[in-house]
Amino acid sequence: MHSIIVVPMHSTGPDDHIHLDPCESLSFGRAARSHGPHLVIPHEGVSREAGEITAAGAYWRLSNLSTAQTYVVENPEGAGEHIKVPPGRLDAPVPFEFSRVVLPAGSELLSLDVWAPRHDYLDRTGPRGGAPTASAFPLDRGKRYFQVLVALCAARLRGEPHAPLPTAEELVERLRPLWPSASRASVAWNIDYLAVKLRLKPAPDSAPGGGPRLNGKKERLVSLALRFDLVREADLDLLSGKAEAVR
């Protein structure tokens, strides 16, 4: 699976996501480049060559090529967790699974998201030897996306195998007691991320306008999650607040 996925600021869906394999780099800045992958950020407050993102397996590195601006990398799911990358700093390691790179640009703050969905694990105890084993389904039960997955599967986990899937509005209402800022957009973002993380193939059908049908994506997520026990009945406690709070 791809190591790192870069989501531009005004992304409209997976078609404009940029995928990087280990050791690949993506430069970004105001000016286009004639060689190598590059993300153009057309704002006069962004340096011509502002920075570079390099995939490094299960994490990534950020180089700040500006001469004056400090960049901030936020963990959107953390309680203010962030790191600062000062001007000229090269290859600063970023450990977050979800990251938001915030770039000062004149009177504005611009941003782009970086996802690191790959998790590696030892396949045995004892001394390490050779490459680690990549997890087939690298899910973190402490993340928002897992809460969304449980909410999607809730009725079927309760013994209703043919229950219709919840609508976006129903998902928001189900999650809001534990996630007050939940919205249609944030829930849809997490569903898209789950589809990437679990490597779902594109749906054969399309909605008007060419985008994949959201309901088809939800159905495939639920089918995969239940078939391989990625969610279990005990996980329903996440929705009642009995389990450990989401980080």
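Everything below is about the structure shown above.
The present account deals with the structure reproduced in this document. The structure displayed is predicted, hence computed values, not measured ones.

1. Some points on the pairing of strand S1 (residues 4-7)
- By the alternation rule, side chains of S1 split into Ile4 and Val6 and Ile5 and Val7, which are all buried.
- Two elements, S1 and strand S2 (residues 18-20), share three bridges in a ladder whose sense is antiparallel. Bridging from a neighbouring strand, Ile5 pairs with His19 of S2.

2. Things to note about the pairing of strand S7 (residues 71-74)
- Of the two faces of S7, only one is covered, namely that formed by Tyr71 and Val73; the face formed by Val72 and Glu74 stays uncovered.
- Alignment of S7 against strand S8 (residues 82-85), held across four bridges, turns out to be antiparallel. From the neighbouring strand, Tyr71 faces S8, where its bridge partner is Val85.
- One ladder, built from three bridges, connects S7 with strand S10 (residues 98-105); its direction is antiparallel. Paired with Glu74 across the two strands is Arg100, which belongs to S10.

3. So, the sheet that holds strand S9 (residues 92-94)
- With respect to topology, five strands assemble into an open sheet ordered S4-S3-S5-S6-S9, the strand pairing being mixed. Two strands in the sheet have a free side with no partner beyond their single neighbour: strand S4 (38-40) and S9. In this sheet, adjacent strand axes meet at a mean angle of 25° when their direction is disregarded.
- In terms of strand pairing, strand S6 (residues 59-64) meets S9 through three bridges, oriented antiparallel. Along S9, the bridge assignment pairs Arg61 with Pro93.

Calculation criteria
- Residues numbered from 1 in each chain as written.
- Predicted model: local features only at pLDDT ≥ 70, side-chain atom pairs only at ≥ 80, totals over all residues.
- Heavy atoms only, no water.
- Buried < 20%, exposed > 50% of the residue type's maximum accessible area, 1.4 Å probe, protein only.
- Helix = DSSP H or I, 4+ residues; strand = E, 2+ residues; numbered from the N terminus.
- Pairing = 2+ DSSP bridges.
- Axes fitted to C-alpha atoms, helices over the stretch in contact; angles between N-to-C directions.

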